[in-house]
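Each chain is listed here by its residues.
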Amino acid sequence: MMWYGDGWGWGGWIIMTVFMVLFWAVLIVGLVALVRYLAGARHHQPGSPPPPGAGDWQERRAESLLAERFARGEIDEDDYKRRLALLREHR
């Protein structure tokens, strides 16, 4: 058969290879981002209460830090009670 011209030569192969790698990279990154987005949305939906026990350790930690500050004399009794009530109000 007869070939009409040389075509793109090596430049065509290089360009096709680069575009193929870019295509697969974009596809894989897009799928990973989609899976992470959907997994994150499923685990924490705005407006829904957290699962039981999810923030208990943080609440206890905040109250113990407040109690330590009161014991060291950094805050007075009124301030301690006001802040403790505020912490427990926002559970």
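Residues numbered from 1 in each chain as written. Predicted model: local features only at pLDDT ≥ 70, side-chain atom pairs only at ≥ 80, totals over all residues. Heavy atoms only, no water.

Peer 1: Could you clarify how one ought to interpret the overall build of the protein chain in this entry?
Peer 2: Within the protein chain, the regular secondary structure consists of three helices and zero strands. The secondary structure elements of the protein chain, listed N-terminal to C-terminal, are α-α-α. Of all 91 residues assigned to the protein chain, the portion counted as buried reaches 8%. Carbon and sulfur atoms form 66% of the exposed surface of the protein chain, whose accessible area is close to 8,600 Å². (Helix = DSSP H or I, 4+ residues; strand = E, 2+ residues; numbered from the N terminus. Buried < 20%, exposed > 50% of the residue type's maximum accessible area, 1.4 Å probe, protein only. Areas by Shrake-Rupley, 256 points an atom, 1.4 Å probe, with all protein chains shown as cover.)

Peer 1: Hey, could you run me through helix α3 (residues 77-89) in this one?
Peer 2: Helical periodicity: at 3.6 residues per turn, an α-helix aligns residues three or four positions apart in one direction. End to end, α3 covers 18 Å across 13 residues, agreeing with the expected 18 Å (1.5 Å per residue, within 8%). Of the residues making up α3, those classed as buried are Asp-79, Tyr-80 and Leu-84. Buried residues of α3 fall within an arc of 125° about the axis and therefore sit on the same side. Exposed and facing more than 90 degrees away from the buried side of α3 are Asp-78, Arg-82 and Glu-89. (Expected span 1.5 Å × (residues − 1). Arc of directions from axis to C-beta.)

Peer 1: What's the story with the confidence of the model for the protein chain in this structure? I'm lost.
Peer 2: Any segment with low pLDDT has predicted coordinates that should not be analysed in fine detail. Mean pLDDT over the protein chain works out to 82, with 73% of the residues at or above the 70 mark. Element-level mean pLDDT values for the protein chain span from 85 in helix α2 (residues 56-72) up to 91 in α3. (pLDDT = per-residue confidence, 0-100.)

Peer 1: I would appreciate a short explanation of the pattern of salt bridges in the present structure.
Peer 2: Overall, the coordinates contain seven salt bridges when judged by the stated rule. Linked through salt bridges whose partners overlap, the residues forming this network are Glu-68, Arg-69, Arg-72 and Glu-74. (Salt bridge = Lys/Arg side-chain N within 4 Å of Asp/Glu carboxyl O.)

Peer 1: What's the story with a nonpolar patch on the surface in this structure? I'm lost.
Peer 2: A cluster of nonpolar side chains, Met-20, Val-21, Phe-23, Trp-24, Leu-27, Ile-28, Leu-31, Val-32, Leu-34, Tyr-37 and Leu-38, forms an exposed patch at the surface whose accessible area comes to about 1,100 Å². Relative to the assigned elements, Ile-28 resides in helix α1 (residues 10-43). (Patch = residues over 30% accessible without salt bridge, like charges linked within 9 Å, V, L, I, M, F, W, Y side chains within 5 Å.)

Peer 1: Help me understand the packing of aromatic side chains, please; the structure alone is not making it clear to me.
Peer 2: Within a pair of aromatic rings, the relevant descriptors are the distance that separates the centres and the angle that separates the planes. Across all of its chains, the model carries two aromatic pairs by this definition. With a centroid separation of 5.3 Å and 75° between ring planes, the pair formed by Phe-23 and Trp-24 is classed as edge-to-face. With a centroid separation of 4.8 Å and 20° between ring planes, the pair formed by Phe-70 and Tyr-80 is classed as stacked. With Phe-70 in helix α2 and Tyr-80 in helix α3, this residue pair connects regions lying 10 residues apart in the sequence. (Phe/Tyr/Trp six-rings, centres within 6.5 Å; stacked < 30°, edge-to-face > 60°.)

Peer 1: It is not clear to me how the environment of Arg-69 should be interpreted in this structure. Could you clarify?
Peer 2: Within the fold, Arg-69 resides in helix α2. Measuring from C-alpha to C-alpha, the distance between Arg-69 and Tyr-80 comes to 8.5 Å, with 11 residues separating the pair along the chain. Not counting residues up to four positions away in its chain, the partners in contact with Arg-69 are Glu-74, Ile-75 and Arg-83. (Contact = heavy atoms within 4.5 Å.)

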